[in-house]
Amino acid sequence: MTNRVLIIDDEPTNVVLLESMLAEQPELEVKSVTDSRLAERAFLDFEPDIVLLDLHMPKPDGIEILTRLRSARESLGFLPVVVLTADATRLARNSALLLGADDFLLKPLDREEVLLRVRNLLHTRRLYTELAGAKEVVEQHEGQPEPSATPR
């Protein structure tokens with residue numbers, strides 16, 4: 001099963017680093033955007049399973065992108081966003097989390113931590129998706145008459 005990862009970071013060096021980290025995982029398909037103005041279009045076209053989002057970029061910055069993607073993410077159910085930043089302030093972390101980020105990683109990034117957090121959030125998304133599918137099946141069968149028992 002392939003999982004789609006969207007990287008949004010204005011620093012090409014950071015993008016290359018993340019792509020090389022994720023390239024070791026054959027089940028991941030990665031798309032990167034270095035122009036934050038293209039983030040929304042890339043999100044809609046690529047339909048990622050997880051987003052790795054830099055916080056501090058030229059307008060729109062990561063906070064603005066989180067805000068803009070909020071309704072699209074909510075309509076898809078659980079779609080995790082991991083904010084990546086060198087900004088270790090409480091304000092940065094709390095702002096990102098308040099606006100819907102699911103995780104927050106500080107730069108410089110630790111390869112193992114990035115891979116583990118991406119793996120864990122993708123697993124949670126997969127469980128959410130499976131549960132939503134099962135719920136839909138149950139709801140479709142509700143209201144349908146029970147099959148009558150046939151005598152033997």
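The structure presented is a predicted model; accordingly, all values stated were derived computationally and were not measured.

Participant: So what exactly am I meant to see when it comes to the pairing of strand S4 (residues 81-85) here?
Facilitator: Side-chain direction in a regular strand flips from residue to residue, so the side chains alternate between the two faces of the sheet. Counting buried positions over the five residues of S4 gives five, a clear majority of the element. Going residue by residue along S4, you find Val81, Val83 and Thr85 tucked away on one face and Val82 and Leu84 tucked away on the opposite face as well. As paired strands, strand S3 (residues 50-54) and S4 are joined by four bridges and run parallel to one another. Across the sheet, the residue bridging to Val51 is Val81, located in S4.

Participant: Sorry, what's going on with the packing of helix H1 (residues 12-23) against helix H5 (residues 111-141) here?
Facilitator: Describing two packed helices takes the angle between their axes plus the distance from one axis to the other. Between H1 and H5, whose axes approach to 10 Å, the crossing angle comes to 65°. With respect to each other, H1 and H5 are oriented roughly perpendicular. At the point where H1 passes H5, the crossing takes the right-handed sense. Listed contacts from H5 to Leu18, Met21 and Leu22 of H1 are Arg111, Val114 and Leu115. Here the contact of H1 with H5 is composed, by residue class, of five nonpolar, no polar and one charged.

Participant: Can you walk me through the packing of helix H2 (residues 39-46) against helix H3 (residues 62-76) in this structure?
Facilitator: Here H2 crosses H3 at 15°, and the two axes come no closer than 10 Å. With respect to H3, the axis of H2 lies roughly parallel. In this structure, H2 crosses over H3, and the sense of that crossing is right-handed. On H3, the residues touching Ala39, Glu40 and Phe43 of H2 are Ile65, Arg68, Leu69, Ala72, Arg73 and Leu76. Class assignment of the residues belonging to the contact of H2 with H3 gives a composition of six nonpolar, no polar and three charged.

Participant: Would you mind showing me how to read the pairing of strand S2 (residues 28-33) here?
Facilitator: One ladder, built from six bridges, connects strand S1 (residues 3-8) with S2; its direction is parallel. When the bridges of S2 are listed, Leu6 appears paired with Lys31. A crossover links S1 with its parallel partner S2, the connecting element being H1, and its sense is right-handed.

Participant: Before we go on, may I ask you to explain the nonpolar core in this structure?
Facilitator: Taken as a class, soluble globular proteins show a tendency for nonpolar side chains to be buried jointly. Grouped together as the largest cluster of nonpolar side chains are 23 residues, with contacts concentrated most on Leu6, Ile8, Val51, Leu53 and Leu66. Broken down by secondary-structure element, the contributors of at least two residues to this core are S1, H2, S3, H3, S4 and helix H4 (90-98). Once residues lying within four places of it in the same chain are set aside, the contact partners of Val51 are Leu6, Ile8, Phe43, Leu79, Pro80, Val81 and Val82. Ranked by size, the runner-up nonpolar core spans 19 residues in total, among them Leu28, Phe78, Leu109 and Leu121.

Cut-off values and rules
- Residues numbered from 1 in each chain as written.
- Predicted model: local features only at pLDDT ≥ 70, side-chain atom pairs only at ≥ 80, totals over all residues.
- Heavy atoms only, no water.
- Buried < 20%, exposed > 50% of the residue type's maximum accessible area, 1.4 Å probe, protein only.
- Helix = DSSP H or I, 4+ residues; strand = E, 2+ residues; numbered from the N terminus.
- Pairing = 2+ DSSP bridges.
- Axes fitted to C-alpha atoms, helices over the stretch in contact; angles between N-to-C directions.
- Parallel < 35°, antiparallel > 145°, perpendicular 65-115°, else oblique.
- Left-handed = near helix turned anticlockwise from the far one by under 90°.
- Contact = heavy atoms within 4.5 Å.
- Nonpolar A, V, L, I, M, F, W, Y, C, P; charged D, E, K, R; others polar.
- Right-handed = clockwise from strand over helix to strand, strands pointing away.
- Core = buried A, V, L, I, M, F, W, Y, C linked by side-chain atoms within 4.5 Å.

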